[in-house]
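# Coordinate inspection notes
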Amino acid sequence: MNLISERITAQISAFIPGMLEEYTLWGNTANAYLIALIAFLLFFALFRMFHHAVLWRLEVLSGKTSTDLDDLFIDLLKSVCGWFYTLASIYLALLFLTISSLVQDIATVILIVALVYQVVRAAGILVEYSVSKRMGSNNGQANAMTELLSKVVKTILWALGGLFILSNFGVDITALITGLGIGGIAIALALQNILGDLFSSFSIYFDKPFEVGDFISVNGKMGTVLDIGIKSTRLRSLEGEEIILSNRELSSAQIQNYRDMKEWRGVLPFGVTYATAPDDLDTVKELVTTVITEHDGARLDRANAVRFGESAIEFEVAFYSTTDDFSTHLATQHALITELKRRFEEKGIEIAYPTRTVHFVNQQSV
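Residues numbered from 1 in each chain as written. Predicted model: local features only at pLDDT ≥ 70, side-chain atom pairs only at ≥ 80, totals over all residues. Heavy atoms only, no water.

## Considering the pattern of salt bridges
- Tallying each qualifying case throughout the model produces 12 salt bridges.
- Between D214 and R259 there is a salt bridge; the shortest N-O distance is 3.0 Å. Note that D214 is positioned in the loop between α8 (192-207) and β3 (215-218) and R259 in the loop between β7 (255-257) and β8 (264-272), a separation of 45 residues in sequence.
- The class for D214 is buried, based on a relative accessible area of 7%.
- The class for R259 is partly exposed, based on a relative accessible area of 34%.
- Across the pair E345 and K341 runs a salt bridge whose closest N-O atoms are separated by 2.2 Å. In this pair, E345 and K341 are both assigned in helix α11 (residues 326-347), four residues apart and thus about one turn of the helix distant. (Salt bridge = Lys/Arg side-chain N within 4 Å of Asp/Glu carboxyl O. Helix = DSSP H or I, 4+ residues; strand = E, 2+ residues; numbered from the N terminus. Buried < 20%, exposed > 50% of the residue type's maximum accessible area, 1.4 Å probe, protein only.)

Here it is, written out as structure tokens:
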């Protein structure tokens, strides 16, 4: 870099009057300050021209493509602040001056801080793009996850930037990194439950076993997902109460998600009395088949006598409600039970209920 600055200095000096060499300040002649000023203006103009040229080219290409990657690059380029180009130009202009090592170190630290700031801004845009691509930009949960991930990424980047700055000041960061590692392990052990829920929430957001609005069943608990938080997920049960489950429990549990369910399956077990004639058993099956077939919202799976029970000949009827709504399924099941009861009464078929006959034998003592 010094060779380049020397060549640029030689080129600029050819156009500057030699009389400025007589004036000095802080170890540099007025000629050197003028060269540094010209270099600053040139570098700043080049940076801005490059910025606008690339931005203009990307905007032209974005109008011709259907992908949103070019829009991402445009956002990344727009995130570069104008003052960053100013600081970079000042840093390069200082190379044309004779300055102390302290001033050089301070300028380097300022530039590194500015660079880390720009990287953090770019990382935030990348995180937002990744989450919105995965979950949708209008998802409230996605916005919360974007904010959380941005904070985590920014914290890590600022920590790395701080270590880099200390390294430039000559600080031995090996012991510091070791100490941070041991401290990090201690903190992780102390907060393992919270961190477990945190990483489980990441798993739920990105793996998406369920989303807000889905009806799910977890370990015998059923309900509609109301909110997916950082530590817990809230369900609204069929009875109306709110169920709160930890994300760590959900990430390791077997979950039944009814989101893609197109039909609900129902089973109607019942029995008829042993006094029912054998031919009427076939009539029972025909009645069940007719009732379910005639219903617009139901589809028969099977209807059979399955066993001789203690007090009845037991039937089992399986059907599908052609709806994805559980309440509609219950209404269909209610209509089928009502109609079957009506048809059985018309045919004189008696539905059995649990009964037991006890015979008493009188023994006359001898």
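After presenting the structure, the write-up continues.
## Structural notes on the sheet that holds strand β5 (residues 232-236)
- Strand order across the open sheet formed by five strands is β6-β5-β4-β3-β7, with antiparallel pairing between neighbours. Each having just a single partner strand, β6 (242-246) and β7 make up the two edges of the open sheet. Neighbouring strand axes in the sheet, compared pairwise and without regard to direction, differ in orientation by 40° on average.
- Of the strand pairs in this sheet, β5 and β6 are connected by five bridges, and their pairing is antiparallel. Across the sheet, residue S232 finds its bridge partner in β6, namely S246. (Pairing = 2+ DSSP bridges. Axes fitted to C-alpha atoms, helices over the stretch in contact; angles between N-to-C directions.)

## Remarks on the nonpolar core
- With 18 residues, the main nonpolar core has F270, V272, V284, V288, I292, V317 and F344 as its most contacted residues.
- Residue assignment for this core shows that the elements contributing at least two residues are β8, α10 (278-294), β9 (298-308), β10 (313-321) and α11.
- Of the residues forming this core, the biggest block, five residues, is contributed by α10.
- Core analysis: the next-biggest nonpolar cluster, separate from the first, contains 12 residues, I204, Y205, I243 and L245 among them. (Core = buried A, V, L, I, M, F, W, Y, C linked by side-chain atoms within 4.5 Å.)

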